[in-house]
Structures are given as structure tokens and as C-alpha cells.
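Geometric and topological summary
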Amino acid sequence: MIGTGFRKFIDALGRADQVASPSYKAVGRTVGLALIGVGPFLLLGMTHTEPVARANGVSVIHPWSSGTALVGDDLPVFAIFENNAPRLDRLVAVETTAASGVVFERTIRRSASTRMDELGEIDLAPSAKTSLKPDYQQIRLIGLRQKVEPGTTLPVEFIFARAGRLKADVRIESPGQPPHNDHS
């Protein structure tokens, strides 16, 4: 059965080789199949346009959070920052109208317990990427002023010591989405 199918496929290739020029119908079918196969990857690329903001050698790449949060809740935010400058820069603040406060946090693991330790700023090494990701490092928006659901965005302004201010929207994603690796 498999041998017969393979033989038919080889015969069809032989017949296709003898065609002087393909019909418009065949070309349309081939292009349609290619779009069906490649289309989802093109759409995925459009939803994660990278970077979302760039200035003075620093790029903000895909700021995101996940899930649903109510007014008054806290919301962890993650992103990747790329510092293309030859010197250290620092994320010194984040401003947003969507929350009453913002803190930078890093996970501290001591024996069997894990807790978040507050940071004053986040260093961006020269010519490198710095990733904020779950269970490692995050920005926490404190006291949300609006309900947050997947598919929405929150406006934020990242403030860097050297690069200055960069505006971006934090995309709220569904909790089941795969984890993010370094985009660029």
C-alpha cells in the first residue's frame, strides 16, 4: 500500500516534469498551500514585533504579563532589554497610569523557601540582553487602576539612566501561552 502510493507520487513527478508551463490553477493551488503552511508563522511574527521601543542604544523587547487581574491587584511584568551601547545602563524607574506604584524584584532562593527581594534598579550589561522572566526577575505593578484581561495592553514608560525614556505597551497574554525566550 505504501509502495503503491510512493510509486504514484514518483509517476506524478515524472509527468509534472514533462509539462511545459504550469496552469494558473496549479500555480494558485501551490501558492495557496504555501500560505496555509507559512501563514501562521507570518502572523506570529506580526504579533511579536521586536523591539517595541528603541533609543540611544537600548531596546525594549516584548514587554508582557499573563492572566487576569482586578482593580487593586498587583501584576508582574516581564520584558527583555537589549543594551547595544558599549557601556552599562540601568533601568531606574517605570511609570504608568495603570497602577499606583511599581517595584523591581528578583527571586531569592534560600534552602526550601523562595521569596522576592526588592531592587532599586536593574542593570543592563553593555552589548548584551537582560531578561526579566518568571521566577527570576520582574517588574511588579502595584495597585492596578483598571481590570486586566488577556488581549489587552497597559501603557508604561521605562526610564533608563543613560538611554532616557522609552514608551511601550505591556501585552497581557493568556496564561497557557508558551514561555518567552529572548526575542530579537
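Above this text you will find the structure in question.
Source: prediction; values computed, not measured.

1. Re the overall build of the chain
Per the secondary structure count, the chain includes 2 helices and 11 strands. When the helices and strands of the chain are placed in sequence order, the string is α-α-β-β-β-β-β-β-β-β-β-β-β. The burial tally for the chain puts 33% of its 184 residues in the buried class. Within the chain, contacts between residues at least 6 apart in sequence are counted, and of these 68% link residues at least 24 apart. Here the chain displays about 11500 Å² of accessible surface, and carbon together with sulfur accounts for 57% of that area.

2. Regarding the pairing of strand β4 (residues 89-95)
Strand direction decides the pairing type here: β4 and strand β7 (residues 122-124), joined by 3 bridges, are antiparallel. The residue of β7 that forms the bridge with Arg90 is Asp123. Judged from the 4 bridges that link them, β4 and strand β10 (residues 153-160) form a sheet pairing that is antiparallel. Residue pairing for β10: Ala93 is matched across the bridge by Ile159.

3. Brief notes about the environment of Gln146
By secondary structure assignment, the location of Gln146 is in the loop between β9 (137-144) and β10. Taking the relative accessible area as the measure of exposure, Gln146 reaches 33% and is therefore partly exposed. Between the C-alpha atom of Gln146 and that of Gly72, which follows or precedes it by 74 residues, the distance is 7.9 Å. Every residue in contact with Gln146, bar those within four places of it in the chain, is listed here: Ala69, Leu70, Val71, Ala98, Thr153 and Leu154.

4. Observations regarding the environment of Pro63
By the secondary structure assignment, Pro63 is in strand β2 (residues 58-66). Between the C-alpha atom of Pro63 and that of Asp169, which follows or precedes it by 106 residues, the distance is 7.0 Å. The contact partners of Pro63, leaving out residues within four places of it in the chain, are Val52, Phe78, Ala79, Phe158, Ala168, Asp169, Val170 and Arg171.

5. Overview of the nonpolar core
Core analysis: the biggest nonpolar cluster contains 31 residues, and Phe81, Leu91, Ile139, Leu154, Phe158 and Phe160 have the highest contact counts within it. When residues no more than four places from it in sequence are discounted, the contact partners of Leu91 are Phe81, Phe104, Glu121, Ile122, Leu124, Ile139, Phe158, Ile159 and Phe160.

6. Considering the pattern of salt bridges
Scanning the model with the defined rule gives 6 salt bridges in all. The partner of Glu95 in a salt bridge is Arg165, with the nearest N and O atoms 3.0 Å apart. Residue Glu95 is found in strand β4, and its partner Arg165 is found in strand β11 (residues 164-173); the two are separated by 70 residues along the sequence. Overall, Glu95 belongs to the partly exposed group, its relative accessible area being 38%.

7. Quick word on the packing of aromatic side chains
For any pair of aromatic rings, geometry is given as the distance between the ring centres together with the angle between the planes. For the structure shown, the criterion picks out 3 aromatic pairs. Where Phe81 meets Phe158, the ring centres are 5.3 Å apart and the plane angle is 75 degrees; that geometry is what we call edge-to-face. Taken together, the residues Phe81 in strand β3 (residues 75-83) and Phe158 in strand β10 connect sequence positions 77 residues apart. In terms of burial, Phe81 and Phe158 fall into one category: buried. With a centroid separation of 5.7 Å and an interplanar angle of 75 degrees, the aromatic rings of Phe81 and Phe160 are classed as edge-to-face. Linking Phe81 in strand β3 with Phe160 in strand β10, this pair joins segments that are 79 residues apart in sequence. One aromatic cluster is present, formed by Phe81, Phe158 and Phe160 through successive ring pairs.

8. Things to note about unusual backbone geometry
One non-glycine residue, His62, adopts positive backbone phi at about 45 degrees. In this structure, His62 sits in strand β2. Overall, the relative accessible area of 4% leaves His62 in the buried class. A positive phi angle is found at Ser127, which is not glycine, with a value near 50 degrees. When its relative accessible area of 55% is taken as the criterion, Ser127 is described as exposed.

Quick notes on the rules
Residues numbered from 1 in each chain as written. Predicted model: local features only at pLDDT ≥ 70, side-chain atom pairs only at ≥ 80, totals over all residues. Heavy atoms only, no water. Helix = DSSP H or I, 4+ residues; strand = E, 2+ residues; numbered from the N terminus. Buried < 20%, exposed > 50% of the residue type's maximum accessible area, 1.4 Å probe, protein only. Contact = heavy atoms within 4.5 Å. Areas by Shrake-Rupley, 256 points an atom, 1.4 Å probe, with all protein chains shown as cover. Pairing = 2+ DSSP bridges. Core = buried A, V, L, I, M, F, W, Y, C linked by side-chain atoms within 4.5 Å. Salt bridge = Lys/Arg side-chain N within 4 Å of Asp/Glu carboxyl O. Phe/Tyr/Trp six-rings, centres within 6.5 Å; stacked < 30°, edge-to-face > 60°.

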